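Below are the chains, spelled out letter by letter.
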Amino acid sequence: MQTGFSRVNYMSGITSSSCTPCALTVPSKSFTYRFFLSCCLFVLLLFSLTFQHSNVGVFILGLMNVLFCADVFVRCAWRDLLSGRFTFALLSAVAVCSGFLYSALNVFSTRPLYGPAPDLFVYVSFLLTLSLWAERRLTREKEQTRVYIKKLDDFLPKSGRLCVGRQFKKVFAKELKPGELIFVKPGERLPCDGIVKKGKTSIDEQLVTGNMLPTSKRVDSPVYAGTLNKSAEIYVEVTLPLAQSALMNVIDAVKTGELRRGNFASALDGFAAVLFPFAFLFSAGAYAYALYTSGAYAAGLEAWLHYAGVLLFCLALSCPPALVFAGVFPAFFAKSGARAKKIKIQNIYALDELVRADTVFFDKTGTLTYGELRVCGVFPAQESLRKKLLETVATAEQMVDGPFADAVNGFAKKHKVKTKSLLCFDVLPGLGVQASTRTDKILAGRIQWIKEQGVEVPEEVSKVEAAVICVVKNGEFLGYLTLADELRRGARELVDFLKSKGKDIILVSGDNESSVSSFSKQAGIEKMNFNVLPKTKAEIVTNLRGLGKRVVMVGDGFNDIIALLRADAGIVFASGRNVYNNWVDVIIKRKDLYPLKDLFTINTRLRRAASFNAVAAFLLSGALAAWLFWRMPDSSGWHWTTGGSLAVVLLLLLNSVRLLKIK
């Protein structure tokens, strides 16, 4: 599948902007109906020839196949030819029409055309059926890129509470206007962008900023549409309506990107652009050679028409059925081999974009890092309190669900920390948790909240840059734990590898400067951008592409989708936050970063296999035609051309199977 702007064919190098092949503008239903009809007629042809029915009956079946199934190729071929494009539709139409004309003249002519086989009806029907299947597959792929647009409304908030005097009036979110005051309860999504006018809360902004921790909001703090109010009631003044919100920018980018994804060139059209001139010259050369060696060039029009069988026969075999699978087989087995390594390739052309990219953008949270908080330090108030600190915080967090609790519980399980039974606990979103056992009262949470409970916290704790959980038991400060995300395994090696390939690497994130700078240094990335909203990420990508740079975006969440769509290729790491995986080119379902290096290997082997298949299909088809002519005057039945074509298909299959193993 295609995403972003126009792609480059991995075989031909032909871009797909305004020069879209005519066949890709035809509805897939047109090819679907003709494909199934052609299959039926092909079976009837085989039945007729097997039981040696009359030549006229076979001709009628062949005529029906050409008239009712090949018409779409003829129309598309004519339009492509007028536009100066050599496409697969043109190559296929020429081959089908030449083969049918050769066969029809042999049926009704008193003097059969010069050629090794009496007819090519089965071969033509076989080629036409495969060609229809190939174009049907491509057009369906193009149309399916727009299917997921309908699901976008699920992310848009539907309504909001408008403050009218001392009362609240529920209105549609899209009706809210700048300057109006709205009331938002805990657990509700904000219906617009705005500024907090009253109240204090924590808001989950992961959908927009990618930050996995709830953000504390006070009076005059900005808030965004689609984000989730976690802890308390707030009043918000509308600054931007839903239609102009940061979330809507993401939605609009997805829709625009979906429409652009349909503009792509297929490998078949790339192969045809290269092979068509050679096929035409080869056929014309064979015809001229036959005329010259037989002396028919001076014998008159009848002799010229007789030896026209050479031209028609060679043109018919110039589009070998194996060509349909030249790119399909390698792509299929490359995707299968990638899946074994937990890599899902949705757009095979994106691999070429990755290899040729000038700049690679990395999101931080969930992409360069695991996107999960982990306990990275235990700091008791006194060393003798270490065990007590761990048991206390594990007891308080054992029933809680959230990133802080998950980190503590995972650490406690790993180090076999014992916990006590709780009588009750209360979670204060964005602040902490207070819990009670039979003998103890426990507080575990943010520094500021602990201070507000009247507990004295050492000054050095406030200077810690990492996320902190302070622990208090019965009013006694026991110490604190630091939590932080970690670089994915292989991050440093991947950065060094990309640099060796001449890539410019930039780390971009919605997190604060200290966090981004820390991970940037660990990974060996010199360039970074922090506190970046989705719109800004996309603008950075767009500006670089405007300068002629090829850009690849590597992200993990919905907040990256604009940049992913605007880049030449988009790669995501699967997680619970992946919302629209259908819109990206590659999905990686592993915890380490080594699969990005594997993509380079896959692309190299894929290009070699596809190129070999295309050349082999053409050369072996020419060799088949030459061998059939060499056997003359012995007549070759219809099974020689069809069987020979199937043998070439099998060879291409065996060559492509090697892509299942990616080292």
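Residues numbered from 1 in each chain as written. Predicted model: local features only at pLDDT ≥ 70, side-chain atom pairs only at ≥ 80, totals over all residues. Heavy atoms only, no water.

> Which residues make up the overall build of the protein chain, and what values do they have?
The number of helices and strands found in the protein chain is 22 helices and 22 strands. Relative to its 663 residues, the protein chain shows a buried fraction of 55%. Total accessible area on the protein chain is roughly 29,500 Å²; 57% of this is exposed by carbon and sulfur atoms. (Helix = DSSP H or I, 4+ residues; strand = E, 2+ residues; numbered from the N terminus. Buried < 20%, exposed > 50% of the residue type's maximum accessible area, 1.4 Å probe, protein only. Areas by Shrake-Rupley, 256 points an atom, 1.4 Å probe, with all protein chains shown as cover.)

> Describe the pattern of salt bridges, with residues and values.
Inspection of the entire model under this criterion finds 22 salt bridges. Between Arg161 and Glu188 there is a salt bridge, with its nearest N and O atoms 2.3 Å apart. Placement of Arg161 in strand β1 (residues 159–164) and of Glu188 in the loop between β3 (181–184) and β4 (193–198) is noted, with a sequence separation of 27 residues between them. By relative accessible area, Glu188 is classed as partly exposed at 23%. Among the salt bridges present, the one from Arg590 reaches Asp592, with a minimum N-O distance of 2.8 Å. Through salt bridges with shared partners, one network takes in Glu372, Arg374, Glu486 and Lys591. (Salt bridge = Lys/Arg side-chain N within 4 Å of Asp/Glu carboxyl O.)

> So what's going on with the sheet that holds strand β9 (residues 234–240)? Residues and values would help.
The strands that make up a sheet are held in pairs by hydrogen bonds between backbone atoms, and each pair lies either parallel or antiparallel. Strands sit in the order β2-β1-β3-β9-β4-β7 across an open sheet of six strands; the sheet is antiparallel. Of all the strands in the sheet, the pair left with one neighbour each is β2 (167–172) and β7 (222–223). The sheet contact formed by β4 and β9 spans five bridges and is antiparallel. Following the sheet pairing, Lys198 is matched in β9 by Tyr235. (Pairing = 2+ DSSP bridges.)

> I'd love a proper account of the side chain of Ser318, names of residues and values included.
Residue placement: Ser318 occurs in the loop between α10 (308–317) and α11 (328–340). A distance of 2.5 Å separates a polar atom in the side chain of Ser318 from the backbone oxygen of Leu315. In this structure, Ser318 is in contact with Leu91, Ala279 and Phe618, ignoring residues within four places of it in sequence. (Polar contact = N/O pair within 3.5 Å; in protein donor to acceptor, adjacent residues only side chain to side chain. Contact = heavy atoms within 4.5 Å.)

> Hey, could you go over the sheet that holds strand β6 (residues 215–217) for me, with residue numbers and the actual values?
Spatially, three strands are ordered β6-β5-β8 in an open sheet, and the strand pairing comes out antiparallel. The open sheet is flanked by β6 and β8 (228–229), the only strands paired with a single partner. Across two bridges, strand β5 (residues 201–204) lies against β8 in antiparallel orientation. Counted as the bridge partner of Ile203 is Asn229 from β8.

> Which residues make up the state of the cysteines, and what are the values?
By definition, a disulfide links the sulfur atoms of two cysteine residues through a covalent bond. All chains considered together, the criterion is met by zero disulfides. Between Cys39, a cysteine without a disulfide, and Cys40, which holds the nearest cysteine sulfur, the sulfur-to-sulfur distance is 6.8 Å. Residue classification places Cys39 among the partly exposed residues on the basis of a relative accessible area of 24%. (Disulfide = S-S within 2.5 Å.)

> Just give me the short version of the packing of helix α4 (residues 88–108) against α10, but keep the residues and values in it.
In contact at an axis separation of 7 Å, α4 and α10 are set at 140 degrees when each is read in the N-to-C sense. By the angle class used here, α4 and α10 are oblique. The handedness of the crossing between α4 and α10 is left-handed. Contacts between α4 and α10 pair Val94, Ala95, Ser98, Gly99, Leu101, Tyr102 and Leu105 from the former with Gly309, Leu312, Phe313, Leu315 and Ala316 from the latter. Residue classes in the contact of α4 with α10 are distributed as nine nonpolar, three polar and no charged. (Axes fitted to C-alpha atoms, helices over the stretch in contact; angles between N-to-C directions. Parallel < 35°, antiparallel > 145°, perpendicular 65-115°, else oblique. Left-handed = near helix turned anticlockwise from the far one by under 90°. Nonpolar A, V, L, I, M, F, W, Y, C, P; charged D, E, K, R; others polar.)

> Can you lay out the packing of aromatic side chains for me, pointing to particular residues and giving the numbers?
Inspection of the entire model under this criterion finds 23 aromatic pairs. By the ring-pair criterion, three or more aromatic residues cluster together here, those being Tyr102, Tyr114, Tyr307, Phe313 and Phe629. Against the face of Tyr370 rests Arg374, its NZ or CZ located 4.3 Å from the ring centre. Taking NZ or CZ as reference, Arg631 lies 5.1 Å from the ring centre of Trp640, over its face. (Phe/Tyr/Trp six-rings, centres within 6.5 Å; stacked < 30°, edge-to-face > 60°. Lys NZ or Arg CZ within 6 Å of the ring centre and 35° of its normal.)

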